[in-house]
Structure formats: structure tokens, C-alpha cells
Amino acid sequence: MSEEQPVFDYDLLVIGGGSGGIASAKRAASLYKVKVGVIEKARLGGTCVNVGCVPKKVMFNAASLAEHFHDSSHYGFDGGETVAKSFDWPKLKKARDAYIKRLNGIYENGFKSAGVEYIRGTASFIDDHTLSVKGENEQDNKTLTAKYIVVATGGVPVFPPGEGIQEHCLNSDHFFELEDRPDVAVVVGAGYIAVELAGVLNGLGTEVHLVIRKGTALRSFDDMIVEGLDQEMVKAGIHIHRNTDGVAQVKIDDGKKTVVTKSGDTIYGADVVIMAPGRGPNVKGLNLENANISCDRHGYIVVDEYQNTSTPSVLALGDVCGKVELTPMAIAAGRRLADRLFAGVELANSKVSYENVPTVVFSHPPIGTIGLSERDAIAKYGEENIKTYTSSFANLFYGIFDVDPADKPKTRMKLVCAGKEEKVVGIHCLGMGVDEMMQGFGVAMKMGATKADLDSCVAIHPTASEELVTMGTWGTSVQATGAKVSPLNGAPAAEPEGLMKSKM
């Protein structure tokens, strides 16, 4: 006799209604018609929609508009400075919050159309197939079972230790609760969240102090990006407090906050202090030990390349795993996981690639990057095998400005190439518009582009992005291609294969 298979309430239960969890659930339910539930205690959309990417981009847009108003006189417009000073933070917040609420509703409607059950509550593990769900009221409490359980709870902001820090500071999530623009703000942190918030506040007219532990922010990025952003932030008026080793104390003096760093630097008169040193895994209360789920020393759930945890029936994805903490990464991982679990033999080995992931930092100016920094490329391939191409220039937007050329904001670009064929292993850009140009170059790099492949594409003029296809002495790189059909030396365009014959 065959062993009787256990019967579960669901084929898939997802803990967390953020981007990755939603993507996995909808894919499984809509494409593979399995029974799926998503357990979420807060607003749908997770960090990205509610206190991350989306509201941050709204604020970035507002700060960018303010900068353009300040610059408008160079283009013959009078009154730009007055318009910039008329900025109404409460009005923007109201519109932004309404937009986010609309997105929450869109996600809930998406569940309905996909056939996903939305379960409101807080989940914790009873065992490797069973969850306890605590609802808003005691009668809503329930116990649910599933063949597979996906943990997609994301991350949470962390407070560093220090006297008065938790009592008197905001974290990066709290930034979006501010009812009005602060006159003076201290932002603590050297990562992308810190530089983004510092840029937004500075652009909107706040006096900003950025407190960093070491000498520069974004130290893991390419040196050209690190140095360039530092120069542009200083030029924009952000006060950078360097080599502080962090904050030792925050206290209140006459309604204003005083920040004392570990190096002895003191900042007086702050309206808000925003702690943005990073985020940690959101695993508190999940009772992972009840399902024998292993975590690393930082608390992140340990997974392999297929999102498997130490327990066969439990998977994990997104920021809770601490690997490439980006919304689109979690979405891709969630979809591929659903394919692997439910599509059958054909997609049984589906997984997402964590290599060459393009990303943008919405600093002022923005950063776009993909692949290895020059420093990391040298460490991986050896200095003798690396060739770089760099460019620094003022965007044409600033061309007519009647200011000293040295004072014009600079766009900086770098190609990092490896091997005799000069395969592109890193692209790094800083400056106006780079956030919108990186996606296409990311595709090219994912397909194995060489320097010669980039040169083979005729430049679009006048744009900043043309710099990436005209670097160095154009057309003189080794004529090697990473393409399936070579585009080099005037070769004809690739034609599609497998075309069906017309019935006409």
C-alpha cells in the first residue's frame, strides 16, 4: 500500500504581504491554480510601497523640482526661487499618503483577481507545516497548515545603542510620518537610505547634517561614485560630520535636540534626528526555532540558491535573507520560487540570479550601478586583467549656466572591463538622469556585452548616456563580442528564429 499523503489547508502560505511575498503568491495562485494564502498584519505592499521605494521617490521628485526651480533663472524664468520657497510639505504628504493608500487597495484587489486569500493577522510557527495566526480579535485567531510556507517578512530599521537615541530619534520609517519640513535635521548613517534622506531634506530647504562613522558614505560602491557623491553633497550644502565612530548621545535642550558623536563632535539645534544606519531581518515573534529554521549570526534566515531553508517545507526570500536587499530582486525570487514549486518537472530547477543586479540610489545627484567596482574587479581577476574607461563632464542641462565651470554639477561614468576581450563587468554612473538610463545598460551587461559591443551602438546625441558608448578612442577596443549574433563592424542585425509560416 502507498503511504497516505497528508492533507493541508493550503498548498502555499506566505508570511508577509510585501513585494516578494505578493509576487510568489500571485504567481502560484494565478498561473498554477494552487490554494494560496498570504498572512499580513500591516498594510499590503511591505516596506517598498509604504515606507520605502515609492514614497521615497515621491520625495525625491519633490526635491528635484525644487532644485530645478532654483536653476530656472538660467533658462530665462523669473521667480523660481520664490516658487521653491512656497513648498507645502503637508500638502505633498497628504497627496503622497493618498497615493500609497490607493496602492494598498490595488494590491488587495490583485489578490482577489489572482485567487489569493488575504489573511489579516500575525503568524508564528508551531511546526514545519503549521502556523498560528493571531488576528485583531481573539475570535479571529486560527491555526493553519500548508504543504509549503514562505517567509517573506522583509526587514526593519535598527537603532544603534546610545544614550537617548531610542527616546529622541526617528528611524527611516518614521521619516514618512513627519507632518512638516524640519528646519534642521541630523541624518545618521552612511548607506543609501541615509544619503537619500539627506539629499531630499537638503533639496527641500532643510539644513542637513549627515553623520558618518568613517570618512565617506557608500564605501562599498566604486571609488569614483564615493568621491563624486561626496563632492556633490558638500557642494549642495550638506554638512558632513566625518570619522565620528557613530553617535554617543542625543539629548533635548529647550525643545531642540543635541547630538554628541563618539569622536566628540556636537551638533546643536536639531528639530529631528533620523537614525538610518541600516536594517535588520524582521523575524521577531516568528518562532523560527519551532520549525528548526537556521539563521546566521545577524539573524537573517539562511537559504541556498533555490530559497530553501534548513527545513524542506519552509522557504524564505527577500530582505529577511539579507542577500541583495532590493524590491525587484525579491519579486523575481518569489516568481521563480513559485515556478519551481508548482510548475512541474520542466521548471523544477528554476531559480533567480543574484549576479549583475542593476540598482539605483536616489541621492542628489542619483547613482546607477551594476556589477563589480574597479576595486572588486581587481580583487577577482587581477589588476593586470582590468581596464577601465572613465568620463567626467557637466550635463548639457548646465551648459548655459553663467557660472564657473568648476561649480557646475558633474556627471561621472566608469566602465570596468576584464580580460583580453574587454568584457564589461561593471558600469557605474553618477549624475542627472542616470537613474533612468541604467536599466538598458543592465540588459546589455547581463547578456555579456564587451566594450566593442557598446561601441557598436551608435550614440544618441545629445544625451548623457551616449558617453557610455563613446568612451576612450571610439571603436579601437579589441573586436570581440559577447552577443549571440555579432553587431560589430557593420554586421547585419540579428533576425528572429523559429518564425511560424503564414497561412495566407
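These lines cover the structure that appears in this document, whether it is placed above or below. Here the residue index of a chain counts from 1 through its sequence in written order. Totals for whole chains, interfaces and linings use all residues, but because this is a predicted model, local features are given only for residues with pLDDT of at least 70 and pairs of side-chain atoms are given and counted only at 80 or more. Just so you know, side-chain values use all the structure's heavy atoms and leave hydrogens and water out.

1. Focus: the overall build of the protein
A run of H or I in DSSP becomes a helix once it reaches four residues, and a run of E becomes a strand once it reaches two; helices and strands are each numbered from the N terminus. Across its full length, the protein holds twelve helices and 22 strands. The globule rule puts the C-alpha radius of gyration for 504 residues at 23 Å, and the 25 Å found for the protein is close to it. Dimensions of the protein along its principal axes, counting C-alpha atoms only, are 85 × 75 × 50 Å. The cut-offs for exposure are 20% and 50% of the maximum accessible area for each residue type, with area from a 1.4 Å probe on protein chains only; residues under the lower value are buried, those over the upper are exposed, and the others partly exposed. Burial status across the protein gives 49% buried among its 504 residues. Across the protein, the fraction of contacts at a sequence separation of at least 24, relative to all contacts at a separation of at least 6, is 65%. Per element, the accessible surface of the protein, about 25,400 Å² overall, is 52% carbon and sulfur. The charged-residue count follows a simple rule in which Lys and Arg add positive charge and Asp and Glu add negative charge, with His and chain termini not counted at all. We put the charge of a Lys on NZ, of an Arg on CZ, of an Asp on CG and of a Glu on CD. Of the charged side chains in the protein, 52 are positive and 63 negative; the average position of the first set lies 4 Å away from that of the second. The globule rule used for comparison is 2.2 Å times the number of residues to the exponent 0.38, while the radius of gyration itself is calculated over C-alpha atoms. We call two residues contacting when some pair of their heavy atoms lies within 4.5 Å. Values of accessible area rely on a 1.4 Å probe in the Shrake-Rupley scheme; residue burial ignores everything except the protein chains shown.

2. As for the pairing of strand E13 (residues 256-261)
Of all six residues in E13, five are buried, a share of seventy percent or more. The pairing criterion is simple: DSSP has to find at least two bridges between the two strands. Sheet topology note: the strand E12 (residues 247-253)/E13 ladder contains six bridges and is antiparallel. Paired with Lys-251 across the bridge in E13 is Thr-258. Connecting E12 to the next strand, E13, in antiparallel fashion are two residues, including Asp-254 with a positive phi near 55 degrees.

3. Observations regarding the sheet that holds strand E14 (residues 266-270)
Strands pair in a sheet through their backbones, by hydrogen bonds, and they do so in one of two ways: parallel or antiparallel. Taking strand neighbours across the sheet as the criterion, the three strands line up as E12-E13-E14 in an open arrangement whose pairing is antiparallel. A single partner strand is all that each edge strand has here, and the edge strands are E12 and E14. Neighbour-to-neighbour, the strand axes of this sheet turn through a mean angle of 15 degrees, independent of strand direction. Axes, fitted as lines to C-alpha atoms, cover a helix only where it is in contact. Angles between the N-to-C directions of the axes lie from 0 to 180 degrees.

4. Structural notes on the sheet that holds strand E19 (residues 367-371)
Here we have five strands laid out as an open sheet, ordered E18-E19-E22-E21-E20, and antiparallel in their pairing. In this open sheet, the two edge strands, each paired with only one partner strand, are strand E18 (359-361) and strand E20 (386-394). Going across the sheet, the axis of each strand differs from the next one's by a mean of 15 degrees, ignoring polarity. Pairing between E18 and E19: three bridges, direction antiparallel. Bridge pairing in E19 links Thr-359 to Thr-369.

5. A look at a nonpolar patch on the surface
A cluster of nonpolar side chains, contributed by Leu-65, Phe-69 and Val-83, occupies part of the molecular surface with about 240 Å² of accessible area. In this structure, Phe-69 sits in helix H3 (residues 53-71). Phe-69 sits in the partly exposed class, given a relative accessible area of 32%. Patches here: salt-bridge-free residues with over 30% relative accessible area, like charges joined within 9 Å, nonpolar side chains (Val, Leu, Ile, Met, Phe, Trp, Tyr) joined within 5 Å. A carboxyl oxygen of Asp or Glu within 4 Å of a side-chain nitrogen of Lys or Arg is what we treat as a salt bridge.

6. Some points on the pairing of strand E5 (residues 130-134)
As paired strands, strand E4 (residues 122-127) and E5 are joined by five bridges and run antiparallel to one another. The partner of Ala-123 across the bridge, within E5, is Val-133. Linking E4 to E5, which pair antiparallel, is a turn of two residues. Sheet topology places E5 next to strand E6 (residues 142-151); four bridges connect them, and they run antiparallel.

7. Overview of H3
An expected span of 1.5 Å times one less than the residue number is assigned to each helix. For H3, built from 19 residues, the straight-helix expectation of 27 Å at 1.5 Å per residue is met to within 8% by its first-to-last C-alpha distance of 26 Å. Among all positions of H3, only Val-54, Pro-55, Lys-56, Val-58, Met-59, Phe-60, Ala-62, Ala-63, Ser-64, Ala-66 and Asp-71 are buried. Check the buried side of H3 and you find it contacts helix H2 (46-51), helix H4 (80-85), helix H5 (89-114), helix H7 (192-203) and helix H11 (434-446).

8. Details of the nonpolar core
In this structure, Met-59, Phe-175, Val-195, Leu-201, Leu-204, Leu-210 and Ile-367 are the most contacted members of the largest nonpolar core, which totals 40 residues. For this core, the secondary-structure elements that each account for two or more residues are H3, H5, strand E9 (184-188), H7, strand E10 (207-211), helix H8 (223-236) and strand E15 (272-275). Formed by 28 residues, the second largest nonpolar core is a distinct cluster that contains Ala-28, Ala-114, Val-150 and Leu-317. Among the buried residues, those of types Ala, Val, Leu, Ile, Met, Phe, Trp, Tyr and Cys that are joined through side-chain atoms within 4.5 Å form a nonpolar core.

9. Regarding unusual backbone geometry
The phi angle of most residues is negative, glycine excepted, and most peptide bonds adopt the trans form. Across the junction of His-364 and Pro-365, the peptide omega takes the value 5 degrees, indicating a cis bond. Looking at the element boundaries, Pro-365 is found in the loop between E18 and E19. In this structure, the amide linkage connecting His-461 to the following residue, Pro-462, adopts the cis form with an omega of -5 degrees. Relative to the helices and strands, Pro-462 is located in the segment after helix H12 (451-456). Although it is not a glycine, Asn-287 sits at a positive phi angle of roughly 55 degrees. Looking at the element boundaries, Asn-287 is found in the loop between strand E16 (279-281) and strand E17 (314-316). The class for Asn-287 is partly exposed, based on a relative accessible area of 30%.

What is shown is where atoms sit, not what they do.
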